[in-house]
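Spelled out from the first residue to the last, the chains are:
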Amino acid sequence: MRKPIEQRIRELEEQKKALQSRLEKQQRAETTRRRMLLGSFVLERLEQEGDSAHRQGAMDARQLRQWLAREFPAYLSRDADRLLFVDLLWPQSETNSSAPQSPSTGLDGAIDEAALTLLDGAQRSPSEDGGTVQP
């Protein structure tokens, strides 16, 4: 005996939902992989600063670092995310250029200084700066 049409429609709709869920999961995984690969590529290029093997006309690490410092902070909306990239956005040479060198300077000093800046900004009310903390 055949299944009633209504039951078959329900079963097909359930199959469709299951397949749609699998497709969305696959798409999220592909997006994550793309982001990881692109991020790895950018970080590798930044590490090649000073490497003379650059192709003519290609963006060098210094230009890439300047572009990131100019554009990336606006993309980061959370203070914790900004802290992850403090070494790229506020290198030691910029954050400690006028400060005397001490044993705590370097990346740790830059992170400490940026963290203090972020914490100070986070203590202000959202109405003072439009709800975002700009280090």
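Quantities reported herein were computed from a predicted structural model and do not represent experimental measurements.

Asker: Would you take a moment to explain the overall build of the chain for this structure?
Answerer: Within the chain, the secondary structure is distributed over seven helices and zero strands. Traced from its N-terminal end to its C-terminal end, the chain shows the element sequence α-α-α-α-α-α-α. Going through the 135 residues of the chain one by one, you find that 19% of them count as buried. The contacts of the chain with a sequence gap of at least 6 include a subset with a gap of at least 24, amounting to 30%. Carbon and sulfur atoms provide 53% of the accessible area of the chain, an area that totals close to 11,000 Å².

Asker: What is the right way to read the confidence of the model for the chain from this model?
Answerer: Low-pLDDT portions of the prediction should not be read for the details of their coordinates. Overall, the predicted model of the chain reaches an average pLDDT of 74, with 60% of residues at or above 70. Here helix α7 (residues 126–129) stands out as the least confident element of the chain, with mean pLDDT 43; helix α1 (residues 5–47) is the most confident, with 94. Segment residues 97–107: pLDDT under 50, and ten contacts once partners within four positions in sequence are set aside and those in other chains are kept.

Asker: Looking at this model, I keep getting lost on the packing of α1 against helix α2 (residues 61–75). Mind explaining?
Answerer: The axes of two packed helices give the description: the angle between them and the distance between them. Viewed as axis vectors pointing N to C, α1 and α2 meet at an angle of 125°, and their least axial separation amounts to 8 Å. By the angle between their directions, the pair α1 and α2 is classed as oblique. Seen from above, α1 lies across α2 with left-handed handedness. Residues Val42, Arg45 and Leu46 of α1 touch α2, and the partners they reach there are Ala61, Leu64, Arg65 and Leu68.

Asker: Could you clarify how one ought to interpret α2 in this entry?
Answerer: For the α-helix, the turn length of 3.6 residues means that residues three or four positions removed from each other point alike. The end-to-end C-alpha separation of α2 is 20 Å, in line with the 21 Å expected for 15 residues at 1.5 Å each. At Ala69, α2 shows its largest kink, close to 35°, and the proline Pro73 lies no more than four residues downstream. Buried within α2 are the following residues: Ala61, Leu64, Arg65, Leu68, Phe72 and Pro73.

Asker: What's the story with the environment of Arg62 in this structure? I'm lost.
Answerer: Checked against the element boundaries, Arg62 lands in helix α2. Separated by 16 residues in sequence, Arg62 and Leu46 have C-alpha atoms that sit 7.7 Å apart.

Asker: How should the nonpolar core be read in this particular structure?
Answerer: Membership of the largest hydrophobic core is limited to nine residues, which are Leu46, Leu64, Leu68, Phe72, Leu76, Val86, Leu88, Leu89 and Trp90. With residues up to four places along the chain from it excluded, the contact list for Phe72 reads Trp67, Phe85 and Leu89.

Asker: Whenever I open this one, the pattern of salt bridges confuses me. Can you help?
Answerer: Two side chains carrying opposite charge are able to pair once their charged atoms lie near each other. Considering all chains together, one arrives at five salt bridges under this definition. Put simply, Glu11 and Lys3 hold a salt bridge, and the shortest N to O gap is 3.1 Å. Note on Glu11: relative accessible area 28%, which makes it partly exposed. Given a relative accessible area of 43%, Lys3 falls into the partly exposed group.

Asker: Looking at this model, I keep getting lost on the packing of aromatic side chains. Mind explaining?
Answerer: Aromatic ring pairs are defined here through the distance separating the ring centres and the angle between the ring planes. If you walk through the whole model with that rule in mind, you get two aromatic pairs. Pairing Phe72 with Tyr75 gives two aromatic rings, centres 5.9 Å apart and planes at 15°, and the pair type is stacked. Within this pair, Phe72 and its partner Tyr75 are both found in helix α2, separated by three residues, close to a single helical turn. With 4.9 Å between their ring centres and 90° between their planes, Phe72 and Phe85 make a pair best called edge-to-face. Of this pair, Phe72 sits in helix α2 while Phe85 sits in the loop between α3 (79–84) and α4 (86–89), placing them 13 residues apart in sequence. We classify Phe85 as partly exposed; its relative accessible area is 26%. Within the aromatic cluster, the residues linked to one another by ring pairs are Phe72, Tyr75 and Phe85.

Reading the values: rules and limits
Residues numbered from 1 in each chain as written. Predicted model: local features only at pLDDT ≥ 70, side-chain atom pairs only at ≥ 80, totals over all residues. Heavy atoms only, no water. Helix = DSSP H or I, 4+ residues; strand = E, 2+ residues; numbered from the N terminus. Buried < 20%, exposed > 50% of the residue type's maximum accessible area, 1.4 Å probe, protein only. Contact = heavy atoms within 4.5 Å. Areas by Shrake-Rupley, 256 points an atom, 1.4 Å probe, with all protein chains shown as cover. pLDDT = per-residue confidence, 0-100. Axes fitted to C-alpha atoms, helices over the stretch in contact; angles between N-to-C directions. Parallel < 35°, antiparallel > 145°, perpendicular 65-115°, else oblique. Left-handed = near helix turned anticlockwise from the far one by under 90°. Expected span 1.5 Å × (residues − 1). Bend = angle between axes of the 7 residues up to and from the residue. Core = buried A, V, L, I, M, F, W, Y, C linked by side-chain atoms within 4.5 Å. Salt bridge = Lys/Arg side-chain N within 4 Å of Asp/Glu carboxyl O. Phe/Tyr/Trp six-rings, centres within 6.5 Å; stacked < 30°, edge-to-face > 60°.

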